[in-house]
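One letter stands for each residue in the lines below.
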Amino acid sequence: MAILTIDGNELEVADGTLILVAAQDQGISIPTFCYQERLTPLASCRMCLIEIEGQKKLQPACATPVADGMTVRTDTSLVAQTRESMLEMLLANHPLDCPICDKAGECELQDQVFAYGAGESRFRDEKRVFRTEDVLLNPVIVFNANRCIQCQRCVRICDEVVGAVALGTIEKGMDTEVTGFENSLAGCDHCGNCIEVCPVGALMSAPYRYKARPWDLTETDTVCHYCGTGCQLTVGMRDGHLARVRSKYETGVNGETLCVKGRFGFDIIDSKHRIRQPMVRRNGNLVAVSWEDAVGYLVERVRGAVEEGGARIGGLASPRLSNETLYLFQKLMRSVFRTNSIDSSSRWASSGPAAPGLYEALPAMFDGLYARRPLQDVLEADCILVVGSNVTDDNPVTDYLVRGAVRKRRNKLFIVSARPSRLDAEGAGFLRLLPGGEAGLFAALLDGLVEDAATEKSLPTACPDGDAQETDRTETAVPATPAWQEFLAGAIPALAAARTVTVLIGTDLLRAQEAAAALRWLRKLGRVLETLGKRVGVQFLFDRPNQMGAWELGGLPNMLPGWRPVDDGQSRAVFEQAWGTSLPSEPGADFGRMLAQCEAGEMEVLYVLGSDPILSYPDGALVESALSKVGLLVVQDAYLSETAGLADVVLPAANFVEEPGTFTNNEGKVQRGREIRPPAFEAMRNVEIFGSIASALGRDLGPTAAEQVFAEITRLVPSYRGLGFEAFDGAGAFTVPTENAAQDDPDDPPVPTPRESRGFALVTGDCMFHSGYLSRHSAILETLSAEPYVEMSPRDGRQLGLSEQASVIVRSRHGEARARLRFNKRFPDGVVFVPENFADLRLNRLLKQGEYPCQVEILKA
Amino acid sequence: MFDKVLLKNAEIPNAHGIGAYEAAGGYRALATVLHEYSPDELIQLVKDSNLRGRGGAGFPTGVKWGFVPKDPALEKYLCCNADESEPGTFKDRVIMEKDPHQMIEGMVIGAYAIGAQKAYIYIRGEYVLSIERTEAALKEAYRKGYLGERILGTDFNLEMFVHCGAGAYICGEETALLESVEGRRAQPKLKPPFPVVEGLYGCPTVINNVETLACLPHIVQRGAEWFRGIGPERSPGPKLYCLSGHVRKPGLYELPMGISLRELVEDHGGGPRSGGRIKAVIPGGVSAPMIPESGLDVAMDFDSLAAIDTMLGSAGVIVLDETACVVRVAKRITEFFNHESCGKCTPCREGLDWAVKILRRLEDGRGKHEDLDQLERLCGSIFGNSFCALGDGAAWALSAALKHFRDEFVRHIEDGRCPFH
Amino acid sequence: MATGLRDKIEEVAGRYPNRRSAIMPALYLAQAEHAQLSGEVLLEVADILDVPEIWVYELATFYDMFHTEPVGTFHIQVCTNISCLLLEAEGIVAHLESRLGIERGDTTPDGLFTLSTAECLGSCDTAPVMQVNYAFHENLSERRIDEILENLRGAVGE
Ligand SMILES: Cc1cc2nc3c(=O)[nH]c(=O)nc-3n(C[C@H](O)[C@H](O)[C@H](O)COP(=O)(O)O)c2cc1C
Ligand code: SF4
Ligand code: FES
């Protein structure tokens, strides 16, 4: 600790604290331009110069740490005069074109001149003009160099946080200009973080250009609906339509940063592809009807199946929906429709007979091992293992945070994924591993650790029941490739030396049929690390905003909310009592089994909520055929999906800015998504639709208002117990681990043998610009990324005699698709990636559940 | 008569080869160091010699070396600052062209003292001959075992490379130099951490000027006391003075530290070229504030010049006789700094550009009286507030011109034209 | 781009612990091969060194000796800094302007000469001085300039 005096007040702060921060804590504000908390200090703008007793020169408060006994003055006339001079110099060449500048009204230069500037300018020469027209650096970023004050925040955020290194600084002296390669940012991430940090109107959002003044906007803080990182953002509406999205300084998990989807994909709320009114299929065509008719028709068709006992009813909900919607949906399904056939993802390997067990393996992941803590904390771990994710594409802001943590703390990061990502370069090691191989990896790490610990002689005593010796004998099928050996040689000692370990699990892992085994091995690894005295935390890297909430609140065929087994009477009793009804006791079907049921003609009603399985279920042939055989296909969605095209009843739902609701992000934090406007067209809030269906069936679903549903959740679901205002209306609140402490496997789970692979292994997932199929409704994201592509290593491409941009056919045993080739020199040989975001491609026609990664051939088109 | 030390070989034609250098006793100091000195003893020797850096700031070399952490596990670097771009300066160039091994030997000695195993020589890109001769000399030194592995049969290894600048004055500033070697835009970096603790690639790094390093073999061979005996005790040694401008015999002069400026200009330089009167002298490259004729009786050493508000700098002595227009000179100096500003910090980037605009107007006779106040105000806003010493130097040099020759500025305003052109 | 360049760049890259450091030497090598550092050349350098393109662009524009715009066969750079200025460097530039029929900063229409002014070239004792490409010419006078220009023209003629 250091004791110092600032403007006469004595204070005690931690060593290393910047004078700027110490002063701020005292309520003394020091003006800055180049300083930003998460960027490396530059101290170039010289706005923050202050006096330190005993030093000849003024010092930058933004880069000078406190020292014991220091006396700082920020209130002298010299300091004031210096601030005035810096502003005068910055304004000398500034165009002062505030009336036509988008930043006017929220410009830091304007604000500081107002607060600290002189009343007049002495500059009477010609101003420097880079160019008279603004340049469009790419479709979302427009640049006016004349206004730039050279704080370099944009360049630093692009390099240090985003890792894109697309923006740079060219020329020198007065000619210094920030820009992209040859004045273009065509190849950048388009995340717009450079716009957000620009203090002036130099880097501007093209879509927001000349749209509004800040005071014209109604701004609402809400949570992003694109991925599980759960970024906080602020939506600015003008006259009921989206004007812009921005993020606030050091707010939320994202701390001002956003990715392209979050910042520019919100125009989806004004998409043309909304479902405008209820529709019912008549004579083969969907025709618009009233809500009463639609619900009446639905209820009429459902009633029989309900009375039969509900076994012929199934429901699939999207993990993009709010906790309240998801909770009430499973309540409707279970208590009114009397079925446990509920699923909340159509993509995972849980589905279908090929891979039983993922959903059985899940509950154990969510007890104490799951790190329900801020990602920022979790990333402080000495060793971070990322498995099965291209974080850069799936969870861009998580990628930023990992990069920031690793660069700052220099902790050890290891990445295991099928395809390369930008984070590889930050890590201490990476391994290219196809989905399905994770169990083997965890087993190998465990083996290595046990061996390491055995030589240290700590494990045998730490594991009283001789667990260690057991584990020691595991025969793991580690491929003897140099890459594996090298990776293990780096990762094992790092794990052994770490006091804290974090494992981040991506969605690649969940797609492979070996997912359950992988999770069991992970759990075992976690236990052993804990036994070795390490603090271990696991988080999933979900690519959807509420997969965690969906699972925790009963969006599963085998689990009631709060990971309570459906087939456990005591668990059921809790809900039976609360809901005032009996519940079906048999676990239901997951979505794969529901499809099998449909295919067999045994599914009377399939209720699809906000999901588009016809595109996303990894067996295009089956899903198409199965859905055509359902008695009644109900689709409730805000946007017209492919699946809706097949439906018998289509119910227009509010989109995520038209209903309130909470979301549980990957950190296990519950955050509120806010209602920004009433449902458009004839859409209704999801929960209200459930309520009206229940009451049409003569049943009461209980209160449906978001606050009340949330309150019910906090009463009935242990992880959410006691959450109140902070979660619902405040900055968010963390759930707590479930106590059920699922039993660990008594034996080692089997290590799946690596599958033979011929030809290329096809992996899929999100690309940087899209999130599932939904983001295609965003006009901006669609402009940025309209075309599907096939990514592979240039070496493979050349071997096939193909050049970049060539049109190719990807062919599997089940089907084929056509797209352009994209080379990535960091791509491993023998692997191709096709993003799962392009409906026209119908990628799932190539796939078969249980065969992921999919074997394909690549042919010249 | 003072016996030349640094330029002793330079006088011999074609002395840049290793044969000539060895014949004149070259690399013997290195052998002595490697076989007879521990790094600590060597650092002590250099401290005892009172050698101060010849790059401009005059920091005691031995003290700088002493700051390098001793941890043998840390990689360390030595960089030779051969970016010599201070207008009026051409001393390092002569060493590199005529006697490159003197610098290289000094570098090996310095690297041994601080435990560096890698060294870079940052030579300004325009100095093609220097680059050529240094590269050739490096090859010779490797061949002869003065560089590379197990130098002279000891455990000491050193690799040395040339890194060419590409026309940016700021690269002479030591942290900018390191940024440039790391492949970044050469913008000065925050200090602390100082390069001796966290420099090139984050490792402890010593940066020394060519001339500083060239002194080392002599100090080793002739002792600290000999060195301290040349010139003033606190800032001793042989010194290279670059004489140019309105002087009869421009050139590079090796003379003791502390020689009087008047003697240098009038006796050695032969006085003003036109035969007329001297108006002012810039004593240490254009960053050093000019001294009016009346002040020429000053000793050319770090402390004496600092005492009269100027500096020894790079010892680039530029003579202005009575035909020189101070406004034009001040404008050109400010233009230089404006052109060479790296653009990082507000006062230097914006302030100098503003000053240039005013000075251009003043020179053409379009200036106003209030412009002089504004120039002074700008100097005040830049001086002490810029990130590195470039901005400070620019403001300092300009204020001196304004202070000593305000009447010339006023005449430009009142005449509405330049009285000299 | 010639594989020779790739090899040369690989060679200099070996002198540094990271590849970013090799950008400057690589730009020198590329410039020697191509005269001008066009966007294409910069991309190639970035590719060889496997560094972000913008890093290469940053350096190619920061340093005066790298040319992203075309320059003449002979790049004449006259020092106009103080020591040369005091010895009438401005007259030298004016003389060159009239002889070449262009203004400072321009290139002759035949692409033979580019005339620039330069900061101190470190040859102040032989002022006024200029550099033609990398060769120094010292103690300039109008007559010396005429001779130099004639020699240069002659050299191309051969
Ligand atoms: C703007 C600026 C330019 C400089 N240029 C040079 C230079 O060209 N050569 C040099 O040796 N030192 C130069 N220096 C000084 C260096 O920063 C550094 O102090 C010096 O190289 C240290 O070596 P020394 O201790 O041997 O003097 C410059 C400093 C500044 C602020
Ligand atoms: S004073 Fe500032 S702008 Fe000027 S060279 Fe130094 S850091 Fe760059
Ligand atoms: S905020 Fe401190 S110098 Fe810019």
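Note that the coordinates shown come from a computational prediction; the quantities given were computed from them, not determined experimentally. (Residues numbered from 1 in each chain as written. Chains lettered and ligands numbered in written order. Predicted model: local features only at pLDDT ≥ 70, side-chain atom pairs only at ≥ 80, totals over all residues. Heavy atoms only, no water.)

1. A short note on the interface of chain A and chain B
- With 34 residues of chain A at the interface, the matching set in chain B holds 32 residues.
- Between chain A and chain B the total buried area reaches about 2,700 Å² when both faces are included, carbon and sulfur atoms providing 52% of it.
- Remark: the boundary between chain A and chain B carries four salt bridges.
- Across the salt bridge formed by Asp392(B) and Lys57(A), the nearest N and O atoms sit 2.9 Å from each other.
- The tally of links from chain A across to chain B stands at 19 residue pairs in polar contact (both at pLDDT 80 or more).
- Contributions of two or more residues to the side of chain A that touches chain B are made by helix H2 (77-92) and strand E8 (168-170) of chain A.
- In terms of residues, the side of chain A that touches chain B owes the most to one element, H2(A), which gives seven residues.
- Of the residues assigned to the side of chain A that touches chain B, the class counts are 15 nonpolar, eight polar and 11 charged. (Contact = heavy atoms within 4.5 Å. Buried area = accessible area lost by both parts, 1.4 Å probe. Salt bridge = Lys/Arg side-chain N within 4 Å of Asp/Glu carboxyl O. Polar contact = N/O pair within 3.5 Å; in protein donor to acceptor, adjacent residues only side chain to side chain. Helix = DSSP H or I, 4+ residues; strand = E, 2+ residues; numbered from the N terminus. Nonpolar A, V, L, I, M, F, W, Y, C, P; charged D, E, K, R; others polar.)

2. Comments concerning the environment of Asp373(B)
All names here are of chain B.
- Of note, Asp373 is situated in helix H15 (residues 369-382).
- The class of Asp373 is partly exposed, set by a relative accessible area of 37%.
- The sequence separation of Asp373 and Glu173 amounts to 200 residues, and the corresponding C-alpha distance is 30 Å.
- For Asp373, the side chain forms a polar contact with the side chain of Arg406, separated by 3.4 Å. (Buried < 20%, exposed > 50% of the residue type's maximum accessible area, 1.4 Å probe, protein only.)

3. Observations concerning the nonpolar core
- Ranked by internal contacts, the top residues of the largest apolar core, which has 187 residues, are Leu203(A), Phe409(B), Leu27(C) and Tyr63(C).
- If sequence neighbours within four positions are ignored, Tyr63(C) has contacts with Tyr122(B), Ala166(B), Gly167(B), Ala168(B), Cys171(B), Ser180(B), Arg184(B), Arg185(B), Ala186(B) and Met24(C).
- Listed in part, the 65 residues of the second largest apolar core include Val94(B), Ile95(B), Met103(B) and Ala214(B). (Core = buried A, V, L, I, M, F, W, Y, C linked by side-chain atoms within 4.5 Å.)

4. Considerations on the sheet that holds strand E19 (residues 412-417) of chain A
All names here are of chain A.
- Taken in spatial order, the five strands of this open sheet run E20-E19-E18-E21-E22, and their pairing is parallel. Every other strand in the sheet has two partners, leaving strand E20 (429-432) and strand E22 (535-541) as the edge strands with one partner each. The average angle at which neighbouring strand axes cross in this sheet is 10°, direction not considered.
- Relative to E20, E19 runs parallel, the two sharing four bridges. In the sheet register, Ile415 faces E20, and the bridge partner there is Phe430.
- Packed on one face of the sheet, helix H18 (residues 515-531) meets strand E21 (500-506) and E22 and runs near 155° to E22. (Pairing = 2+ DSSP bridges. Axes fitted to C-alpha atoms, helices over the stretch in contact; angles between N-to-C directions.)

5. A few points about empty space enclosed by the protein
Residue and element names in this part refer to chain A.
- Tallied over the entire structure, the rule returns 11 cavities of 30 Å³ or more.
- If you go around the largest cavity, you meet 16 residues; those closest to its centre are Arg511, Ser616, Pro618, Thr764 and Leu847.
- Tallied by class, residues from the lining of the largest cavity come to six nonpolar, five polar and five charged.
- Here the lining of the largest cavity spans two domains, and each of domain 2 (279-345 + 547-734) and domain 4 (760-860) adds at least three residues to it. (1 Å grid on protein atoms, 1.4 Å probe; cavity = no way out; pocket = protein on both sides within 12 Å on 5 of 7 lines; lining within 4 Å. Points joined across faces, edges and corners; volume = space filled by probe spheres on them. Domains from an automatic or database assignment.)

6. Concerning the site of ligand 1
Residues and elements named next belong to chain B.
- Around ligand 1 sit 18 residues in total, of which Gly55, Lys64, Asn81, Asn209 and Thr212 are the nearest.
- Separating a nitrogen atom of ligand 1 from a backbone N or O atom of Gly172 is a distance of 3.2 Å.
- Interatomic distance of 3.0 Å between a backbone N/O atom of Glu174 and an oxygen atom of ligand 1.
- Isolated, ligand 1 exposes 610 Å² of accessible area, and the fraction of that covered by the protein chains is 89%.
- Breaking the shell around ligand 1 down by element, the ones donating at least two residues are strand E4 (205-209) and helix H16 (389-404).
- No other element matches E4, which puts three residues into the shell around ligand 1. (Near = heavy atom within 4 Å. Areas by Shrake-Rupley, 256 points an atom, 1.4 Å probe, with all protein chains shown as cover.)

7. Things to note about the pairing of strand E13 (residues 241-246) of chain A
Residue and element names in this part refer to chain A.
- In this sheet, E13 lies alongside strand E12 (residues 232-238) in antiparallel orientation, the contact comprising five bridges. Note on E13: the bridge partner recorded for Arg238 is His241.
- Connecting E12 to the antiparallel partner E13 that follows it, the hairpin turn spans two residues, and Asp239 within it adopts a positive phi of roughly 50°.

8. Details of the domain arrangement of chain A
All names here are of chain A.
- By the assigned domains, chain A splits into domain 1 (2-75), domain 2 (279-345 + 547-734), domain 3 (358-541) and domain 4 (760-860).
- Put simply, the middle of domain 2 and the middle of domain 4, counted by C-alpha atoms, are 32 Å apart.
- On the side of domain 4, 12 residues touch domain 2, which itself brings 13 residues to the contact.
- Across the interface of domain 2 and domain 4, roughly 1,200 Å² is buried in total on both sides, 52% from carbon and sulfur atoms.
- If you sort the residues of domain 2 by the area they bury against domain 4, Arg320, Leu615 and Pro618 come out on top, with a joint share of 46%.
- There are three salt bridges connecting domain 2 and domain 4.
- A salt bridge links Lys848 to Asp619; its shortest N-O distance comes to 3.4 Å.

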